[in-house]
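# Inside the fold
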Amino acid sequence: EAQVTQNPRYLITVTGKKLTVTCSQNMNHEYMSWYRQDPGLGLRQIYYSMNVEVTDKGDVPEGYKVSRKEKRNFPLILESPSPNQTSLYFCASSLAAGVPDTQYFGPGTRLTVL
Amino acid sequence: GESVGLHLPTLSVQEGDNSIINCAYSNSASDYFIWYKQESGKGPQFIIDIRSNMDKRQGQRVTVLLNKTVKHLSLQIAATQPGDSAVYFCADTYNFNKFYFGSGTKLNVKP
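Residues numbered from 1 in each chain as written. Chains lettered and ligands numbered in written order. Predicted model: local features only at pLDDT ≥ 70, side-chain atom pairs only at ≥ 80, totals over all residues. Heavy atoms only, no water.

In terms of regular secondary structure, chain B is built from 0 helices and 11 strands. Listed by position from the N terminus, the elements making up chain B come as β-β-β-β-β-β-β-β-β-β-β. Since a compact globule built from 111 residues should have a radius of gyration of about 13 Å, the 13 Å found for chain B is in line with a globular shape. Expressed along its principal axes, the backbone C-alpha trace of chain B runs to roughly 40 × 30 × 20 Å. In chain B, which comprises 111 residues, the proportion classed as buried is 46%. (Helix = DSSP H or I, 4+ residues; strand = E, 2+ residues; numbered from the N terminus. Rg over C-alpha atoms; globule rule 2.2 N^0.38 Å. Buried < 20%, exposed > 50% of the residue type's maximum accessible area, 1.4 Å probe, protein only.)

Right, let's talk about the interface of chain A and chain B for a bit. Counting from both sides, the interface comprises 23 residues of chain A and, opposite them, 20 residues of chain B. Overall, the association of chain A and chain B removes approximately 1600 Å² of surface from exposure, summing both partners, and the carbon and sulfur fraction of that is 55%. Taken as a group, A:Leu43, A:Pro100 and A:Phe105 account for 28% of the area that chain A buries against chain B, more than any other trio of residues on that side. Here chain A is connected to chain B by 0 salt bridges. Where chain A meets chain B, there are 5 residue pairs in polar contact (both at pLDDT 80 or more). Mapped by element, the contributors of at least two residues to the side of chain A that touches chain B are β4 (31-38) and β5 (42-51) of chain A. Among the elements that make up the side of chain A that touches chain B, the one with the highest residue count is β5(A) (5 residues). Looking at side-chain class alone, the side of chain A that touches chain B contains 11 nonpolar, 8 polar and 4 charged residues. (Contact = heavy atoms within 4.5 Å. Buried area = accessible area lost by both parts, 1.4 Å probe. Salt bridge = Lys/Arg side-chain N within 4 Å of Asp/Glu carboxyl O. Polar contact = N/O pair within 3.5 Å; in protein donor to acceptor, adjacent residues only side chain to side chain. Nonpolar A, V, L, I, M, F, W, Y, C, P; charged D, E, K, R; others polar.)

What follows is the structure, given as structure tokens:
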């Protein structure tokens, strides 16, 4: 089954404690992206990756890092989480950047930073 | 930055009626537009897309209309069903790398 998986699905942490949210896809997709979703603001793009070792900033990259060492994985790293990073996070992948109609979203990770 | 907004936060329709969800965008360079459906507790799901060189595109029970003159996008759902209840987002891009989403419209379908 084609899917994007995220772990953990729920996480409560404290300010400053480094965390990683994993994202993995089994479709051999080239393009992957991270979004955060906040009430009233819709989804905002954090980072995206065109392919292995190729990443770039989205609209709201501050406070986040990503890496793309393998095609299937695109972890989101919060080096020093702060309460304003409390949000619902979605990972997405598509066959390539130019074919968003092949885009799949993960189930989401709800992060609370105290 | 990019601004993609929706006219109404909530839309209630009777089952069987047609639904129209609207969206405005600000970047005249945007050349690709997408509608997504997000059901409660799930990630967004692609519904239909349209390129800027088109005015209309039809799918199964859905139609997207693009008016570039007024930078307006709409999603029409024919014969709305209870399973259509969800939040609908429009999004746009001008380079297929970065995507900008609207804030969403919640569609409630009354039986």
